[in-house]
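Listed below, chain by chain, are the residues.
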Amino acid sequence: MTKQTLSFQAEVKQILHLVTHSLYSNKEIFLRELISNASDACDKLRFEALHHAELLEDAPNLEVRVAFDAEAKTITITDNGIGLSSEEAVANLGTIAKSGTREFMSALAGDQKKDAQLIGQFGVGFYSGFIVADRITVESRRAGLPAEQGVRWSSEGAGDFEVETLTRAARGTSVTLHLRDGEEEFLSGWKLKSIIGKYSDHISLPILMRKEEWDAEASKQVLKDEWAPVNKAAALWARSKSEITPEQYTEFYKQISYDTEAPLAYTHNRVEGRSEYTQLLYVPAKAPFDLWNRDKRGGVKLYVKRVFIMDDAEALMPVYLRFVKGVIDSADLPLNVSRELLQESRDVKAIREGSTKRVLGMLEALADSDDVAERAKYAAFWKDFGVVLKEGVGEDHANQERLTKLLRFASTHADEGVSFADYLSRMKEGQEAIYYITADSLAAAKSSPQLEIFRKKGIEVLLLVDRVDEWMLSHLYEFDGKPLQSVAKGSVDLGKLQDEAEKKQAEEAATAFKPMLDRLKATLKDRAKDVRVTTRLVDSPACLVVEEGDMSGHLARLLKQAGQSAPKSLPTLEVNAEHALVKKLEASANFDDLANILFDQALLAEGGQLEDPAAYVRRVNALLLA
Ligand code: ADP
Ligand code: MG
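Residues numbered from 1 in each chain as written. Chains lettered and ligands numbered in written order. Predicted model: local features only at pLDDT ≥ 70, side-chain atom pairs only at ≥ 80, totals over all residues. Heavy atoms only, no water.

Regarding the overall build of the protein chain
Then comes step 1: Tallying secondary structure elements over the protein chain gives 20 helices and 22 strands in all.
Then comes step 2: In summary, the protein chain has a C-alpha radius of gyration of 33 Å against a globular reference of 25 Å for 626 residues, an excess of more than 25%.
Then comes step 3: Judged by the C-alpha coordinates and their principal axes, the protein chain covers about 110 × 55 × 50 Å.
Then comes step 4: Out of the 626 residues belonging to the protein chain, those deemed buried represent 50%.
Then comes step 5: The contacts in the protein chain between residues at least 6 apart in sequence include a share of 71% that link residues at least 24 apart.
Then comes step 6: As presented, the protein chain carries roughly 30,100 Å² of accessible surface, and 50% of it is formed by carbon and sulfur atoms. (Helix = DSSP H or I, 4+ residues; strand = E, 2+ residues; numbered from the N terminus. Rg over C-alpha atoms; globule rule 2.2 N^0.38 Å. Buried < 20%, exposed > 50% of the residue type's maximum accessible area, 1.4 Å probe, protein only. Contact = heavy atoms within 4.5 Å. Areas by Shrake-Rupley, 256 points an atom, 1.4 Å probe, with all protein chains shown as cover.)

Here is the structure:
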């Protein structure tokens, strides 16, 4: 192939622009990215060589070499991994195949730190070389191809790149960065070693650099021909816990997660027994921007006996723990395990169960800690990840009880952090149920008329305002033997919480009010299933409730928003016979209007939408003028 000039895909151009214009405050990441690619290339070769040993040729020891040339102002990262064919060089270094790129572009915050982190997350790492280089040359030969089928790829990181055929005896890839003026600080063995130590210590291949020697005559360091490893080259998780410092755990986390912040918690264990494996699992401190996306692949990497098998092995973690990052290294799985096989494997099932328990244990340790700072960490965790953990209540029946203990809510008692245990400890004498209300927002929940009697009696009500809550509640009926009871469903029966005098008074009011109820029922027959007198209201004239077993108005609205049809069932209107407005009904000349206004207001108060807002306005105006 003669020299060809090709144009970068549009997305690549955008990324190149971003890389060179906004990431210069975090320049040194280029080395981490290129070493990570070199290491990936070696992993790929090792994996293919399981079935095709000949690919290893005469160089079975996989390694990465980092060299610099102060005169030529270049840094070269060389690996003897899988290499690239010409086609692969064009495709992999000229386009971004990943569908995540568009998401990436839209997620950019214009905040350098965050953007730098995203670059890694979305796998556009190679281009980070252009932060410090104004030209990058890649020379490569794919394992298994003859020497004459090597490739040279070269670009200045603007609109296009060149490719041409090359004869290259060595298998693998060399990436040479021609540094921009002003980037000479990287032309130092000490500097490069310190960056490698910071980011790439855990890479399980040797990273070699040439030894240096002090030349007294020239009074400078000179490079020797001898190469020596500059990293530990031992997979962190395979080392014993006592040898690993908290800083190393944190640094490793940052490596695999591309998070710039330290993790909230981690757990590292070697599990022995029927299934043998090592797990190193982290809970991040902050939620990623796409946490809500259930299709997002997980963050746990699978290794088998230190050999990297795959990223994002979903089968290793339940969906509701998709925020967990880390590594699982199995001693039992076959090296050629596929995603399909993973789904069915009993060993994987055991690993998933064991890992789920570990993660829950880690969260419980924070939540139940005697240490205030640890509990504050749990509160922070809950704020970011609580909605996802709630999915587990419905999905993971085996761990449902443990999960419900980890739930935290807002209530009429406190705006956040209320656990079921807290609630139980504050229950009133004679209270038999855990009361809750669902709504679109905390403000709406707090001002629900249905809460009035509970407020008056000092009974706590949980305020559930996450979209996932309704779904969760369809899987959760009780806690510690106490049923969960919506305050917006069925008639209020406060049972033992109501004294005899109150009950009697309510009954009398209902009898006296009977003729009025009949009129209301007749007027509202197309809108309300029933109209009845209630004791649940104190300040409001009326509210809507649904019957036990019917869908709540809130859930019906959520379904409608999601484009699903909700079964049509009419609500019940409950009126407060003591309220001045209700008393006024009797003598009112516009009975029909007032009755409809009562109904409409009750609907508005629970966050519902009027079917005919104009009619409502007309009626209110008529009343205002009367
Ligand atoms: P990622 O590593 O997430 O795939 P990069 O931008 O870092 O994204 O690299 C893009 C692609 O270029 C890689 O997926 C790989 O196919 C190819 N590549 C980069 N560096 C090397 C290398 N040293 N050896 C072989 N292929 C490489
Ligand atoms: Mg990469």
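Describing helix α20 (residues 613–625)
Then comes step 1: With 13 residues, α20 extends 19 Å from end C-alpha to end C-alpha; this agrees with the ideal 18 Å at 1.5 Å per step.
Then comes step 2: Listed in full, the buried residues belonging to α20 are Ala615, Tyr616 and Arg619. Around the axis of α20, the buried residues are gathered within 105 degrees of arc, so they sit on the same side. Exposed and facing more than 90 degrees away from the buried side of α20 are Ala614, Arg618, Leu624 and Leu625.
Then comes step 3: Of the surrounding elements, those touching the buried residues of α20 are α19 (591–605). (Expected span 1.5 Å × (residues − 1). Arc of directions from axis to C-beta.)

Description of the sheet that holds strand β19 (residues 482–486)
Then comes step 1: Read across the sheet, five strands follow the order β15-β17-β16-β19-β18 without closing on themselves; strand pairing throughout is mixed. Lying at the two open borders of the sheet, with one neighbouring strand each, are β15 (410–411) and β18 (478–479). (Pairing = 2+ DSSP bridges.)

Focus on the pairing of strand β7 (residues 172–179)
Then comes step 1: With eight of eight residues buried, β7 lies mostly within the body of the structure.
Then comes step 2: Side chains Gly172, Ser174, Thr176 and His178 of β7 all project onto a buried face; the interleaved residues Thr173, Val175, Leu177 and Leu179 project onto the opposite face, where all are buried too.
Then comes step 3: Direction of pairing for strand β3 (residues 74–79) relative to β7: antiparallel, over a ladder of six bridges. Bridged to threonine 78 within β7 is serine 174.
Then comes step 4: Pairing between strand β4 (residues 133–141) and β7: eight bridges, direction antiparallel. Residue pairing in the sheet places alanine 133 in a bridge with leucine 179 of β7.

Describing the environment of lysine 383
Then comes step 1: Relative to the helices and strands, lysine 383 resides in helix α10 (residues 372–395).
Then comes step 2: Sequence separation of lysine 383 and alanine 10 is 373 residues, and the distance between their C-alpha atoms is 38 Å.

What about helix α7 (residues 246–257)?
Then comes step 1: Under the 1.5 Å per step criterion, the end-to-end length of α7 is 16 Å for 12 residues, consistent within 8% with the ideal 16 Å.
Then comes step 2: Listed in full, the buried residues belonging to α7 are Tyr249, Thr250, Phe252, Tyr253, Gln255, Ile256 and Ser257.
Then comes step 3: Directly after α7, the chain includes tyrosine 258, whose backbone phi takes a positive value near 60 degrees.

A closer look at the side chain of asparagine 596
Then comes step 1: Positionally, asparagine 596 belongs in helix α19.
Then comes step 2: Here asparagine 596 is in contact with Thr523, Leu524, Arg527 and Arg619, once residues within four sequence places are set aside.

Here we look at the pattern of salt bridges
Then comes step 1: Counted according to the given criterion, the structure contains 38 salt bridges.
Then comes step 2: Note that glutamate 162 and lysine 3 form a salt bridge whose closest N and O atoms lie 3.6 Å from each other. Within this pair, whereas glutamate 162 is found in strand β6 (residues 160–166), its partner lysine 3 is found in the segment before β1 (4–7), the two being separated by 159 residues in sequence.
Then comes step 3: Classification of glutamate 162 as partly exposed rests on a relative accessible area of 29%.
Then comes step 4: The residue arginine 426 makes a salt bridge to glutamate 460 at a minimum N-O spacing of 2.8 Å. Of this pair, arginine 426 sits in the loop between α12 (420–425) and β16 (434–438) while glutamate 460 is found in the loop between α14 (452–457) and β17 (462–464), placing the two residues 34 residues apart along the sequence.
Then comes step 5: For arginine 426, a relative accessible area of 29% gives the class partly exposed.
Then comes step 6: On the basis of relative accessibility, which here comes to 6%, the residue glutamate 460 falls in the buried class.
Then comes step 7: One salt-bridge network, held together by shared partners, links Lys211, Glu213, Lys224 and Glu226. (Salt bridge = Lys/Arg side-chain N within 4 Å of Asp/Glu carboxyl O.)

Let's talk about the sheet that holds strand β13 (residues 307–310)
Then comes step 1: Spatially, the five strands line up as an open sheet ordered β10-β11-β14-β12-β13, and their pairing is mixed. Edge strands, defined here as strands with exactly one partner in the open sheet, are β10 (265–271) and β13. Here the strands of the sheet are splayed against their neighbours by 20 degrees on average, with no regard to which way each runs.
Then comes step 2: Note: strand β12 (residues 299–304) against strand β14 (residues 325–330), six bridges, orientation parallel. Bridge assignment links lysine 301 to a residue of β14, and that residue is valine 327.
Then comes step 3: The strands touched by helix α9 (residues 346–367) within the sheet are β10, β11 (277–283) and β14, with β11 carrying the most contacts at an inclination of about 40 degrees. (Axes fitted to C-alpha atoms, helices over the stretch in contact; angles between N-to-C directions.)

Structural notes on empty space enclosed by the protein
With a probe scaled to a water molecule rolled over the atoms, the places where space remains empty come into view.
Then comes step 1: All chains considered together, the criterion is met by two cavities of 30 Å³ or more.
Then comes step 2: Put simply, the largest cavity is a space of about 40 Å³.
Then comes step 3: Of all the secondary-structure elements, those providing two or more residues to the lining of the largest cavity are β2 (64–69) and β8 (207–215).
Then comes step 4: With three residues, β2 is the largest single contributor of residues to the lining of the largest cavity.
Then comes step 5: Considering only residue class, the lining of the largest cavity consists of five nonpolar, no polar and one charged.
Then comes step 6: Space inside the second largest cavity adds up to approximately 30 Å³.
Then comes step 7: Residue lining of the second largest cavity: Phe409, Phe420, Tyr436, Leu462, Leu464, Leu473 and Leu484, and that is the complete set.
Then comes step 8: Residue composition of the lining of the second largest cavity, by class: seven nonpolar, no polar and no charged. (1 Å grid on protein atoms, 1.4 Å probe; cavity = no way out; pocket = protein on both sides within 12 Å on 5 of 7 lines; lining within 4 Å. Points joined across faces, edges and corners; volume = space filled by probe spheres on them. Nonpolar A, V, L, I, M, F, W, Y, C, P; charged D, E, K, R; others polar.)

A short note on the packing of helix α18 (residues 580–587) against α19
Two numbers describe a pair of packed helices, the interaxial angle and the distance between the axes.
Then comes step 1: Their axes nearest at 9 Å, the elements α18 and α19 cross at an angle of 155 degrees. By the angle between their axes, α18 is roughly antiparallel relative to α19. Considering how the two elements wind past one another, α18 and α19 form a crossing that is left-handed. Between α18 and α19, the contacting residues are Leu581, Val582 and Leu585 on the first element and Phe591, Leu594, Ala595 and Leu598 on the second. (Parallel < 35°, antiparallel > 145°, perpendicular 65-115°, else oblique. Left-handed = near helix turned anticlockwise from the far one by under 90°.)

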